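A closer look at the structure
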Amino acid sequence: MPQEYKLILKHADEPGYTPDIECYLRHGGYDALKKALALQPKDLPDGRKLSGPEQIRQGVMASGLRGRGGAGFSCGLKWSFVDRKSGKPIYLICNADESEPGTFKDRQIIHKDPHQLLEGMIISCFANDVHLAYIYIRGEFVEGAKILDRAIEEAKAKNILGKNILGIGYDLEIYIHRGAGAYICGEETGLIESLEGKRPYPRIKPPYFPAVLGLWMCPTIVNNVETLCNVKHIVAMGGTEFAKLGTPNNTGTRIVSLSGHVKKPGYYEIEVGKATIGQLIFDANFGGGLRPGRSLKAVIPGGSSAKVFKAGEKFKLKRRGPDGKETLPEVDMLDLPYDFDSLIQAGSMSGSSAIIVMDDSTDIVEALANIAEFYAHESCGQCTPCREGSLWMSKALHRLTHGEGRAQDADYLVKIADNIPGGRTICAFGEACAWPVQSFVAKFRDEFVAKGAADEERQAKEGKL
Ligand SMILES: Cc1cc2nc3c(=O)[nH]c(=O)nc-3n(C[C@H](O)[C@H](O)[C@H](O)COP(=O)(O)O)c2cc1C
Ligand code: SF4
């Protein structure tokens, strides 16, 4: 039976563990930073020297670390895109917006182990020649912002942050920036606009890839809270050792937010790919199963934007055997390993690693209406397909859930959803608002049609049509 593997949350939930710096130091805190700052230039066989920061970047690349914010992009690769020749300052931003519905992992780190985040950030900044960094924290996380503020002051008092860190001549300031509570501020370019004091209108890519044209049009690294914490562990254990955690191409651990109709909702840290969706829902170590007398209806595997899975769905998964040969076994949805690649192969994504479980008591039309209302509210409005489409979908679903639906609403919803993503919008919100509608209607079409048809019949009888 798979177990939790606590790397990031190793101490967070231990009795007596507190977020203050003394407790962190007693648990080996900032040792990885000391190790990083003490790295000496390494001779390469071709006569070149690899500086300490370059060695850290190489370690992060070797670790295979993929971003924990949503897209699962290689952290090492992202750092390699940073324009180091422009002569402009390089900035680092920690994305602590955590706005994807169903996700509640970053706040655990911030509340319980803020110095771990700071240590990961300081090492990442040192590795990338950054002297000014920001933590962009969602406005609602009032307590989290206070805890981080305190942690920054504590680190400064110990010369772990600020000028001439630990006497090695490296300067770094970290500022907290509180958002005002908008989902789109989690999107990295919207976040950057917001940090610059403007409306969080996402920027078009190209040309505005943050690694080249980010904050104040300077090269900028945007990484998620959990991603940055991992950097500390990569330095502590070495990139190759880190890569042994998890599964190939899906290395390290992930903190999974599990919510909905399970007995034990909560956050669980696992080695990536070492537990299946079914194990996360049903095992006593994790969700502990559904409520008594209930059966599974659907699972959203990666936050509300991810395409829904229907109970009993089967997928063909590419697998490479020990002989190197590729096979395509059929796998039940519950047997999908919870990793980046398997979920993509199954047509969805692990996104922000938030699993939302729905049992047979769920009204699937109501569930989608709820999600669609959120997206309609949160669209920034720059792109017509997203601004209008998200609203039309939400309005249609509102009708369907308020006795005013039509049998053809299912087709109408899909038609709108199909016309939003696919390069028609500036940012991936277009996909995020269309995917739930496309997948819910495709997989539970009967329920949408039946609801609409019943409404139509009743309205006809009442003479309202
Ligand atoms: C609409 C939208 C909302 C997002 N919200 C978040 C968020 O709340 N937190 C986060 O870390 N990333 C979020 N992202 C992803 C970020 O744009 C960015 O890819 C991420 O912060 C990069 O960090 P990572 O590489 O460490 O994952 C969002 C993306 C989109 C399109
Ligand atoms: S896709 Fe939506 S959220 Fe993204 S920029 Fe366009 S209107 Fe704004």
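Structure first, text after, so check above.
Digging into the nonpolar core
Tyr30, Leu117, Met121, Ile122, Ile135, Leu172 and Ile174 are the most contacted members of the largest nonpolar core, which has 62 residues in total. Here this core takes 8 residues from helix α6 (residues 114-127), the largest share from any one element. Counting 38 residues, the second-largest nonpolar core is a separate cluster that includes Ala372, Met393, Ala432 and Ala434.

Remarks on the sheet that holds strand β9 (residues 253-260)
Read from one edge of the open sheet, 5 strands run β10-β9-β17-β11-β12, paired in mixed fashion. At either margin of the open sheet sits one strand with a lone partner, and together these are β10 (266-271) and β12 (309-310). Judged from the 2 bridges that link them, strand β11 (residues 296-300) and β12 form a sheet pairing that is antiparallel. Along β12, the bridge assignment pairs Val299 with Phe309.

A word on the packing of aromatic side chains
Overall, the coordinates contain 11 aromatic pairs when judged by the stated rule. Their ring planes at 85° and their centres at 5.6 Å tell us that Tyr268 and Phe286 sit as a pair that is edge-to-face. Separated by 18 residues along the polypeptide, Tyr268 in strand β10 and Phe286 in the loop between α12 (277-282) and β11 bring together distant segments of the chain. One exposure class covers both Tyr268 and Phe286, and it is buried. Relative to Phe315, the ring of Phe309 has its centre 5.1 Å away and its plane inclined at 55°; by these criteria the two rings are tilted. Taking the relative accessible area as the measure of exposure, Phe315 reaches 9% and is therefore buried. Each residue in the set Tyr183, Phe374, Tyr375 and Phe429 is aromatic and connected to the rest through ring pairs, giving one cluster. One cation-aromatic arrangement involves Arg203 over Tyr208; the distance from NZ or CZ to the ring centre is 5.9 Å. Of note, Lys310 hangs over the ring of Phe444, and the distance from its end group to the ring centre comes to 5.2 Å.

Calculation rules
Residues numbered from 1 in each chain as written. Chains lettered and ligands numbered in written order. Predicted model: local features only at pLDDT ≥ 70, side-chain atom pairs only at ≥ 80, totals over all residues. Heavy atoms only, no water. Core = buried A, V, L, I, M, F, W, Y, C linked by side-chain atoms within 4.5 Å. Buried < 20%, exposed > 50% of the residue type's maximum accessible area, 1.4 Å probe, protein only. Helix = DSSP H or I, 4+ residues; strand = E, 2+ residues; numbered from the N terminus. Pairing = 2+ DSSP bridges. Phe/Tyr/Trp six-rings, centres within 6.5 Å; stacked < 30°, edge-to-face > 60°. Lys NZ or Arg CZ within 6 Å of the ring centre and 35° of its normal.

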